[in-house]
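Descriptive analysis of the structure
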Amino acid sequence: MKVALMAGGTGGTKLAHGFSMLDDVELSVIVNVADDLELHGLHVSPDIDAVLYTLAGLIDSQRGWGVANDTYTAHAMFARYGEPIWFTLGDADLATHATRTRLLSEGTSLTDATASMAAALGLRSRILPATDDRCRTVILTDDGPLEFQEYFVRHRQEPEVRGVRIDGIDDARPTPSVIAAIRQADLLVIGPSNPVVSIGPMLALPGMREAILGVPRRVGVSPIIGGQALKGPAARMLDSLGHEVSAAGVARIYGDLLSHWVVDMTDAELAPRIGAMGVEPILLDAIMRTDADRARLAGELIGIG
Ligand code: FO1
């Protein structure tokens, strides 16, 4: 069974981990790169690294980013030099960014750099950046335009969001590996990630929607449960942008892109409205508290359709 999972942020990453635990699944994780940043001369890809570290068992699971038990000697030295330290890079994490940056500077694509790093960490699943082209999510706020990580980390998601722009998107393309993984997929899954800033930039890539619509089973998992996001700014962001903050509201954003929409059992009353959109509602326990929950949910998604 070939599964193509679109992910960015915590929820999608946990689901990727769930699929990676299933023996009979050949997994390709298509990952958002529009919240990448350049820092200390290094290319940092937070969403790719969250997937790499989670699948390799290295993630700091309390925070959902970075390497567990990392040390911060370099961070303290950056502070002494007066370098920006609002984005914390641990020593082990720094090695990831240095390796990626070295590969990119030698002309290796982000796709190939990620593949070689995933292989070095012993991963079986394919981790595919959605694009090798530079595109950056910019959050339009009352404080002016902010690059995603500036909004998310430096300004702690405090400024009110007025709009979202993705710089470079018109000239960016999904990679051939991404298109091939989608074309060959038996099942395409949109993970429970922020629909605006994690999934949105991937769907905005020219040709991405057409490729997805070619897969017969296209299942999305709601990142909103009981009117709330489990983590991150999705609920407030959806509200500020005029969307209904519910599993039905997110289903409407994806529209006919999906054939099935998984909502948590607690949102059962939304099922008729989702069905009326032409998308089949599926009620499951969609909260992934433990590793076993991740594998269970992934297994249930495989059984849909
Ligand atoms: N998130 C924070 O809230 N503060 C940080 O200092 C921070 C550093 C960081 C370093 C490497 C990395 O891969 C992720 C990091 N994150 C940090 C998380 C990141 O900003 C977000 O979780 C994702 O971009 C959301 O999709």
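Relevant structure appears above.
Just so we're clear, the structure is a prediction, and the values are computed from it rather than from any experiment.

1. Remarks on the overall build of the chain
Summing up its helical and strand segments, the chain has 13 helices and 14 strands in all. A compact globule built from 305 residues would reach a C-alpha radius of gyration of about 19 Å, and the chain, at 18 Å, matches this within 12%. In terms of principal-axis extent, the alpha carbons of the chain reach across some 60 × 45 × 40 Å. For the chain, the residues scored as buried account for 55% of the 305 residues in total. Element-wise, carbon and sulfur atoms account for 51% of the exposed surface of the chain, whose accessible area totals about 12,800 Å². Here the chain holds 26 positive side-chain charges and 39 negative ones, and the gap between their average locations is 0 Å.

2. Quick look at the site of the ligand
Looking at the ligand, there are 14 residues lining it, with Asp47, Phe87, Thr88, Asp93 and Gln149 nearest. A distance of 3.3 Å is found between an oxygen atom of the ligand and a side-chain nitrogen or oxygen belonging to Asp35. Between the ligand and the protein, one listed contact pairs a nitrogen atom with a side-chain N or O atom of Trp65 at 3.3 Å. Here the ligand loses 86% of its free accessible area of 530 Å² to cover by the protein chains. Every element with two or more residues in the shell around the ligand is listed here: α2 (46–55) and α6 (148–154). Among the residues forming the shell around the ligand, the class breakdown is 8 nonpolar, 3 polar and 3 charged.

3. Section: the side chain of Thr141
Structurally, Thr141 can be placed in strand β6 (residues 136–141). According to the relative accessible area criterion, Thr141 is buried, its value standing at 9%. Engagement of the side chain of Thr141 in a polar contact is seen with the backbone nitrogen of Asp143, the distance being 2.9 Å. Here Gly144 takes part through its backbone oxygen, which lies 2.7 Å from a polar atom of the side chain of Thr141. For Thr141, the residues in contact, after removing those within four places along its chain, are Leu146, Tyr151, Pro159, Glu160 and Arg162.

4. Remarks on the sheet that holds strand β8 (residues 161–167)
Pairing is antiparallel in the open sheet, where 3 strands are placed in the order β7-β6-β8. Taken across any chain shown, the strands that pair with only one partner, and hence form the sheet edges, are β7 (144–147) and β8. Sheet twist, expressed as the mean angle between neighbouring strand axes with direction ignored, is 25 degrees. Summarising the sheet, β6 and β7 pair through 4 bridges and their orientation is antiparallel. Bridge pairing in β7 links Leu140 to Pro145.

Thresholds, definitions, all that
- Residue numbers restart at each chain and count upward from 1, following the sequence in its written direction.
- Two thresholds apply to this predicted model, a pLDDT of at least 70 for residue-level local features and 80 or more for giving and counting side-chain atom pairs, whereas whole-chain, interface and lining totals are computed over all residues.
- Heavy atoms from the whole structure form the basis of all side-chain values; hydrogens and water molecules are not counted.
- Secondary structure elements are taken from DSSP: a helix is a run of H or I of four residues or more, a strand is a run of E of two residues or more, and numbering for both begins at the N terminus.
- Atoms considered for the radius of gyration are the C-alpha atoms alone. The globule rule reads 2.2 Å times the number of residues to the power 0.38.
- Each residue is assigned to one of three classes by its accessible area relative to the maximum for its type, calculated with a 1.4 Å probe on protein chains only: buried under 20%, partly exposed between the two thresholds, exposed over 50%.
- Surface accessibility follows the Shrake-Rupley procedure with a 1.4 Å probe radius. Residue values consider only the protein chains on display as shielding.
- We treat Lys and Arg as the positive residues and Asp and Glu as the negative residues; His and chain ends play no part in the count.
- We put the charge of a Lys on NZ, of an Arg on CZ, of an Asp on CG and of a Glu on CD.
- Residues are labelled near a given molecule or strand when at least one of their non-hydrogen atoms is within 4 Å of it.
- Two N or O atoms count as a polar contact when they lie within 3.5 Å, although within protein this holds only if one can serve as hydrogen donor and the other as acceptor, and sequence-adjacent residues are included solely when both atoms are side-chain atoms.
- Classes in brief: Ala, Val, Leu, Ile, Met, Phe, Trp, Tyr, Cys and Pro nonpolar; Asp, Glu, Lys and Arg charged; the others, Gly included, polar.
- Whether two residues touch is decided by their heavy atoms; if any such pair falls within 4.5 Å, the residues are in contact.
- By the convention used here, strands pair only if DSSP detects at least 2 bridges between them.
- Only the stretch in contact is used when fitting a helix axis, every axis being a line fitted to C-alpha atoms; angles between N-to-C directions are given from 0 to 180 degrees.

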